[in-house]
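Breakdown of the fold
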Amino acid sequence: MATQIKTVGVVGMGTMGAGIAEVLARTGHDVVAVEVDAHGVTRGRGHLEHSTARALERGKLDETARRELLDRISFTTELADLADADLVIEAVPERLDLKSRIFTELDGIVRSDVMLASNTSSLSITQLAVQTKRPDKVVGMHFFNPAPVLKLVEVVRTVVTDPEVISAVTELAHSLGKTPVVVGDRAGFIANGLLFGYLNHAARMVEERYATRENLDAAMRYGCGYPMGPLALLDLIGLDTAYEILDALYRQSRDRRHAPVPLLKQMITAGLLGRKSGRGFYTYAAQDSSTVVPDAATPSDGESGVQTRPIGTVGVVGTGTMATGIVEVLVKGGHDVIVRGRSNSRTQDAVVAITRSLDKAVNRGKLSESDRDAALGRISTTTSLDDFASVDLVVEAVAEELDVKRGIFATLDEVCKPGAILATTTSSLPVVECSAATARPGDVVGMHFFNPAPVMKLVEVVATISTTADVVATAGQLARSWGKVPVTCGDRAGFIVNALLFPYLNDAVRMLEAHYASAEDIDTAMEVGAALPMGPFALLDVVGLDVSLAIQRRLYQEFREPGFAPAPLLEHLVTAGLLGRKTRKGFRDYS
Ligand code: NAD
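Residues numbered from 1 in each chain as written. Predicted model: local features only at pLDDT ≥ 70, side-chain atom pairs only at ≥ 80, totals over all residues. Heavy atoms only, no water.

Observations concerning the pairing of strand E16 (residues 444-449)
The following threshold applies: Three labels apply to residues, based on accessible area from a 1.4 Å probe with only protein chains included: buried if under 20% of the type maximum, exposed if over 50%, partly exposed otherwise in between. Labels follow the DSSP assignment, with helices taken as runs of H or I lasting at least four residues and strands as runs of E lasting at least two, numbered in each case from the N terminus. Criterion used throughout: strands pair if DSSP finds at least two bridges between them. A crossover counts as right-handed when, viewed with the strands pointing away from the observer, the path leading from the first strand over the helix to the second turns clockwise.
With six of six residues buried, E16 is to be regarded as a mostly interior element. Judged by which residues are buried, E16 turns out to be covered on both faces: Val444, Gly446 and His448 on one side and Val445, Met447 and Phe449 on the other are all buried. The pairing of strand E15 (residues 421-424) with E16 spans three bridges and is parallel. Bridge pairing in E16 links Thr424 to Gly446. Handedness of the E15-helix H16 (residues 431-436)-E16 crossover: right-handed.

Considerations on the packing of aromatic side chains
Convention followed: Here a pair means two rings of Phe, Tyr or Trp (six-membered ring of Trp) with centres within 6.5 Å. Their orientation is stacked below 30 degrees between planes, edge-to-face above 60, and tilted elsewhere. Throughout this description, the term charge over a ring refers to an Arg CZ or Lys NZ atom that lies within 6 Å of the ring centre and within 35 degrees of the ring normal.
Evaluation of the coordinates by the stated rule reveals four aromatic pairs. Pairing Tyr198 with Tyr226 gives two aromatic rings, centres 6.0 Å apart and planes at 85 degrees, and the pair type is edge-to-face. Here the residue Tyr198 occupies a position in helix H7 (residues 191-207), and Tyr226 occupies one in the loop between helix H8 (213-224) and helix H9 (230-237), the gap between them amounting to 28 residues. Comparing Tyr198 with Tyr226 shows no difference in burial state: the two are buried. Ring centres 6.2 Å apart and planes at 20 degrees place the aromatic pair Phe449 and Trp482 in the stacked group. Of this pair, Phe449 sits in strand E16 while Trp482 sits in the loop between helix H17 (469-481) and strand E18 (485-490); the two residues are 33 residues apart in sequence, bridging distant segments of the chain. In this structure Phe449 comes out as buried when scored by relative accessible area, which is 3%. Between Arg186 and the ring centre of Tyr516, over which it is positioned, the NZ or CZ distance is 4.7 Å.

What about the site of the ligand?
Here is the rule we go by: By convention in this text, a residue qualifies as near a molecule or strand provided that one of its non-hydrogen atoms is within 4 Å of it. Pairs of N or O atoms within 3.5 Å make up the polar contacts considered here, provided that, within protein, one atom can donate a hydrogen while the other can accept it, and that residues adjacent in sequence are counted only when both atoms are side-chain atoms. Computed by Shrake-Rupley with a 1.4 Å probe, the accessible areas treat only the displayed protein chains as cover when residues are assessed. Any residue that is not Ala, Val, Leu, Ile, Met, Phe, Trp, Tyr, Cys, Pro, Asp, Glu, Lys or Arg is counted as polar, Gly included; the first ten are nonpolar and the last four charged. Delimitation of the domains relies on an automatic or database domain assignment.
Surveying the vicinity of the ligand reveals 25 residues, the closest of which are Met16, Glu35, Glu94, Lys99 and Ser121. Contacts to the ligand include Thr15, whose side-chain N or O atom sits 2.8 Å from an oxygen atom. The separation between an oxygen atom of the ligand and a polar main-chain atom of Met16 is 2.8 Å. Here the ligand has 840 Å² of accessible area as a free molecule, and 87% of this is covered by the chains. The set of elements that each furnish at least two residues to the shell around the ligand consists of helix H1 (15-26), helix H4 (96-109) and strand E6 (138-143). Among the residues making up the shell around the ligand, the classes are represented as 12 nonpolar, nine polar and four charged. Each of domain 1 (7-184) and domain 2 (191-293) accounts for three or more of the residues forming the shell around the ligand.

Here's the deal with the side chain of Thr347
Going by this rule: By definition in these notes, contact holds between two residues if any of their heavy atoms fall within 4.5 Å.
Residue placement: Thr347 occurs in helix H13 (residues 344-363). Engagement of the side chain of Thr347 in a polar contact is seen with the backbone oxygen of Asn344, the distance being 2.9 Å. If we skip the residues at most four places from it in the chain, Thr347 touches Thr319, Val339, Arg340, Gly341, Thr381 and Thr382.

Here's the deal with the layout of surface pockets
Stated precisely, the cut-off is as follows: Points on a 1 Å grid, built from protein atoms alone, make a cavity when a 1.4 Å probe fits but cannot get out and make a pocket when they are open with protein on both sides within 12 Å along at least 5 of 7 lines; residues with an atom within 4 Å of a point are the lining residues. Grid points are joined across faces, edges and corners, and a volume is the space filled by probe spheres set on the points.
Computed from the structure, the second largest pocket encloses a volume of approximately 1,400 Å³. Lining the second largest pocket we find 44 residues, and of these Met322, Ser427, His448, Asn451 and Val547 sit closest to its centre. Among the secondary structure elements, those contributing two or more residues to the lining of the second largest pocket are H8, helix H12 (321-332), helix H15 (402-415), E16, helix H18 (497-513), helix H20 (536-543) and helix H21 (545-559). Here the lining of the second largest pocket takes four residues from H18, the largest share from any one element.

Some points on helix H6 (residues 163-175)
Stated formally: A helix is expected to span 1.5 Å for every residue after the first.
Its 13 residues give H6 an end-to-end C-alpha distance of 18 Å, which sits within 8% of 18 Å, the value for a rise of 1.5 Å per residue. Where H6 is concerned, the buried positions are Val165, Ile166, Ala168, Val169, Thr170, Leu172 and Ala173. In this fold, the buried residues of H6 make contact with strand E4 (87-90), strand E5 (115-118), E6, strand E7 (152-157) and strand E8 (179-184). By the N-cap criterion, in which a side-chain oxygen at the helix start approaches the backbone nitrogen of a residue two or three places on, H6 is capped by Asp162, the distance to Glu164 being 2.9 Å.

Here it is in structure tokens:
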């Protein structure tokens, strides 16, 4: 495009508009910021003062640069003041009527060659484009929250956008230090299209009291390495904005997983909008504050008051990856452990694997030699479950086969002393199946570790309808004593993490299958826009497509949710033997 973009109009100086204005001013653009009234101006200024003060504190800006940045932004309450703008970015609330009106007005104010961009998260850019006499110059420029930090910008083209406009906006995004990804005009684009089903699902879990807000958020942080949990993220996004986005997604997808859960509406009606109102799923120190303060729902420190059971010696059934990892956690935690394998050679291999892992920790300076020797000294091995007669806890970690597990639990029931806790680390079978194989269902609990067990902090403590409160409390307290983060949840397929994670991964496969975006662009959008440690395809290839498909099938079978049906492309890749990294080919090639 011929015009140089010097002066940019930003309409709406809320959460996003203020962030966008800051990004523009930081890179030398003059910004004319439009708000609805004087109060809006004061708030917009406040956002900028606050955000740049934080950048100053963190040494990312000096005082002069901050002053210059703020001086480049002027405020007005009149759209007419945008007459000289070279580009306008709209960031008013997510309502089509409001945005349409603003686009029509802007069309009559700015020069005819000027591009008009919307920061909408979910509304149709095409609908906005047709409100103007320049539909070819209307584009989506979707920044992520917080705009000064997150680098993704989804550049949205419609069927009538001039390709030169796309190039110009892409170039601008690069010059702002952002990573642009060009996408078509579909509700939610890439990132929100994938993220909001997951966020709504998490809100539904709270509504159903399946898990507490703290447990849900901790599960995704410690189980998946996400920078924040889904409910904290909803509070950051703003529940009203999230509602509008879900509503728009639902209208287009007719996927009931996008239908905003009633709890969101209730919270919005009660004024609980998240950080911006000082209260949402959590309570904050003040409006617009990120500091969470305790409220009535905050769990009290320490134990629940339930008497826990003393746990000394532990029996571990199994010698595979999870079993050896769990033995390592246990012996480091000071327990004597009896490992039961199907043969002496298997138990010996397990001990070798644990020794190797502990040696590594010594080499990295994370463990002293004497602690390693003491830990190894706590391990004994057997091939018979009869040796578990006096253990206080058993952790079963054998193959994910129901009959095998049930057989083991039936034997444990005969062998173990009364009061011993029997735990399974199954990731997808119902824990109650194990408990039903015993005559002591109250003592059976799920303890779902994540791979690699010595590294991953999360343990999902799964209570069946029969598990007693002291068994749940003991499992939680034990996990904490090993330096883990326990979360409690009910006995449903996928527990918390897999139930929230895999449908999202499956949705990404469907998006790819629909040719909406490439695997690379989808991974970039989720890594850069949502700050996830890995994009969905990179993660699927690591987990293994066969394992992922099995989990997705289990979720579908249990919930009969049409949206959980495995994506045909995932099925086909598995049938073709392309399972991800382990076969060097999955969604990507690995040589
Ligand atoms: P917000 O409620 O924080 O801010 C909206 C601002 O627009 C308010 O300050 C309001 O006073 C102002 N406004 C309302 N009517 C106006 C008018 N007629 N003229 C000028 N200003 C007006 O909302 P937000 O979270 O900043 O969202 C803005 C847009 O950005 C929405 O389209 C949203 O979907 C999108 N978005 C939001 C996020 C997010 O995480 N919050 C991320 C990306 C994109």
